[in-house]
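Topology and contacts: notes
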Amino acid sequence: MKNKSVLEEMTKEQLIELLEIYSKNWLAMDGVWFQSVEDKLGMDEAMIHDANAWKRFTVIEAKRIKDFLHLPDSCGLEGLAKALELRFYGCINNYEIRLEDNKLYFANIDCRVQRARERKQMPFHPCKKVSVIEYEGFATAIDPRIKCKCISCYPEVTDKNVCCSWLFYIDE
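So, here is what we can say about the structure in this document. (Residues numbered from 1 in each chain as written. Predicted model: local features only at pLDDT ≥ 70, side-chain atom pairs only at ≥ 80, totals over all residues. Heavy atoms only, no water.)

**Some words on the environment of arginine 56**
What counts here: Per the convention used, a helix needs a DSSP run of H or I reaching at least four residues, while a strand needs a run of E reaching at least two, with both numbered from the N terminus. A simple rule labels every residue: compare its accessible area, found with a 1.4 Å probe on the protein chains alone, to the largest value its type can have, and call it buried under 20%, exposed over 50%, or partly exposed in between.
Here arginine 56 shows up in helix H2 (residues 43–69). Look at arginine 56 and you get exposed, because its relative accessible area is 66%. In sequence terms arginine 56 and isoleucine 133 are 77 residues apart; their C-alpha atoms lie 9.6 Å from each other.

Here is the structure:
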């Protein structure tokens, strides 16, 4: 007789709640290591390490999600939209995805990272440079044809209604 794992005994609601906890824990770990480097070596050095970490992690995350969804290599913007919804923070961030005119618009309505820094009375994370690496890397790992353009991201905020927003497209 097979022993049931703790996860197999949980209800769907419990598993969803646990997924949210895991996502929050992962994001907290990301922030804790970043703030450790920031406190010891300063923001510029922390940003270098953050960029290096995201350059590698975002591809790993994208490939695992792509495999989970069984997406083909040329899955296009529709595949990217599905994959973006399953990112580690997809269940804890408020975001919007819109497909129109062969373009995909993605916006984080609220950002847990910036809200946490705000609560701690820390300066906002200058995330645009690293986020470009993150979103471009994720998109091209899903479909190498996809291009990414930042619309608004701190410190270059052009839309105060969202924390950051991105445009994805395929040059045809």
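**Observations concerning the packing of helix H3 (residues 76–85) against helix H5 (residues 128–142)**
Definition in use: Convention adopted: a line fitted to C-alpha atoms gives each axis, helices being fitted over their contacting stretch, and angles between N-to-C directions are expressed from 0 to 180 degrees. Roughly parallel refers to an angle under 35 degrees, roughly antiparallel to one over 145, roughly perpendicular to one between 65 and 115, and oblique to any angle outside these ranges. Each crossing gets its hand from how the near helix is turned against the far one by less than a right angle, where anticlockwise is left-handed and clockwise is right-handed. Only heavy atoms enter the contact rule, under which two residues are in contact if any of them lie within 4.5 Å. Basically, the charged four are Asp, Glu, Lys and Arg, the nonpolar ten are Ala, Val, Leu, Ile, Met, Phe, Trp, Tyr, Cys and Pro, and anything else, Gly included, counts as polar.
Between H3 and H5, the shortest axis-to-axis distance is 10 Å and the interhelical angle comes to 125°. One element, H3, and the other, H5, form an angle in the oblique class. Both H3 and H5 take part in a crossing whose hand is right-handed. Together, Gly79, Leu80, Ala83 and Leu84 of H3 and Tyr135, Phe138, Ala139 and Ile142 of H5 make up the contact between the two elements. Here the residues of the contact of H3 with H5 are counted per class, giving seven nonpolar, one polar and no charged.

**Quick word on H5**
This is how the line gets drawn: How far a helix is expected to stretch is found by multiplying one less than its residue total by 1.5 Å.
When the terminal C-alpha atoms of H5 are compared, their 21 Å separation across 15 residues agrees well with the 21 Å that a helix rising 1.5 Å per residue should span. Among the residues of H5, those classed as buried are Val130, Ser131, Glu134, Tyr135, Gly137, Phe138, Ala139, Ala141 and Ile142. Each element contacted by the buried residues of H5 is listed here: H2, H3, strand E2 (103–108), strand E3 (146–153) and strand E4 (164–170).

**Describing the nonpolar core**
The tendency in soluble globular proteins is for nonpolar side chains to be buried side by side. Worth spelling out the cut-off: To qualify as a nonpolar core, a set must consist of buried Ala, Val, Leu, Ile, Met, Phe, Trp, Tyr and Cys residues joined through side-chain atoms within 4.5 Å.
The biggest cluster of nonpolar side chains holds 36 residues, and the ones touching the most others in it are Leu80, Leu84, Tyr135, Phe138, Ile142, Trp166 and Phe168. For this core, the secondary structure elements donating two or more residues are helix H1 (12–41), H2, H3, E2, H5, E3 and E4. When near neighbours in sequence (up to four residues on either side) are disregarded, tryptophan 166 contacts Leu104, Tyr105, Phe106, Lys128, Ser131, Val132, Tyr135, Cys148, Lys149, Cys150, Ile151 and Cys153.

**Concerning the packing of H1 against H2**
Interaxial distance between H1 and H2 falls to 7 Å at its minimum, and their mutual angle equals 145°. Crossing angle aside, the handedness with which H1 passes H2 is right-handed. Residue-level contacts link Trp26, Asp30, Trp33, Phe34, Val37, Glu38 and Leu41 of H1 to Met43, Glu45, Ala46, Met47, His49, Asp50, Ala53, Trp54 and Phe57 of H2. Looking at the contact of H1 with H2 residue by residue, the classes come out as 11 nonpolar, one polar and four charged.

**With respect to the pairing of E4**
A regular strand places its side chains on the two faces of the sheet in alternate fashion. Put simply, the test is: Two strands pair if DSSP finds at least two bridges between them.
Counted residue by residue, E4 has six buried out of seven residues, so it is predominantly covered. Note: E2 against E4, six bridges, orientation antiparallel. Each residue of the ladder has a partner; that of tyrosine 105, found in E4, is leucine 167. Pairing analysis gives seven bridges linking E3 to E4, with the strands arranged antiparallel. Bridge pairing in E4 links cysteine 150 to tryptophan 166.

**Focus on the pattern of salt bridges**
As a reminder, the rule being used: The term salt bridge refers to a side-chain nitrogen of Lys or Arg lying within 4 Å of a carboxyl oxygen of Asp or Glu.
Summed over all chains, the structure comprises 10 salt bridges. Here arginine 117 and glutamate 38 are joined by a salt bridge, their closest N and O atoms 2.9 Å apart. Of this pair, arginine 117 sits in helix H4 (residues 112–119) while glutamate 38 sits in helix H1; the two residues are 79 residues apart in sequence, bridging distant segments of the chain. Glutamate 38 carries the same exposure label as arginine 117, and that label is buried. Here arginine 87 makes a salt bridge to glutamate 61, at a shortest N to O gap of 2.8 Å. In this pair, arginine 87 is assigned in the loop between H3 and strand E1 (95–100) and glutamate 61 in helix H2, connecting sequence segments 26 residues apart. Overall, glutamate 61 belongs to the buried group, its relative accessible area being 7%. Taken together, the shared-partner salt bridges in this structure form one network comprising Glu61, Arg87 and Glu134.

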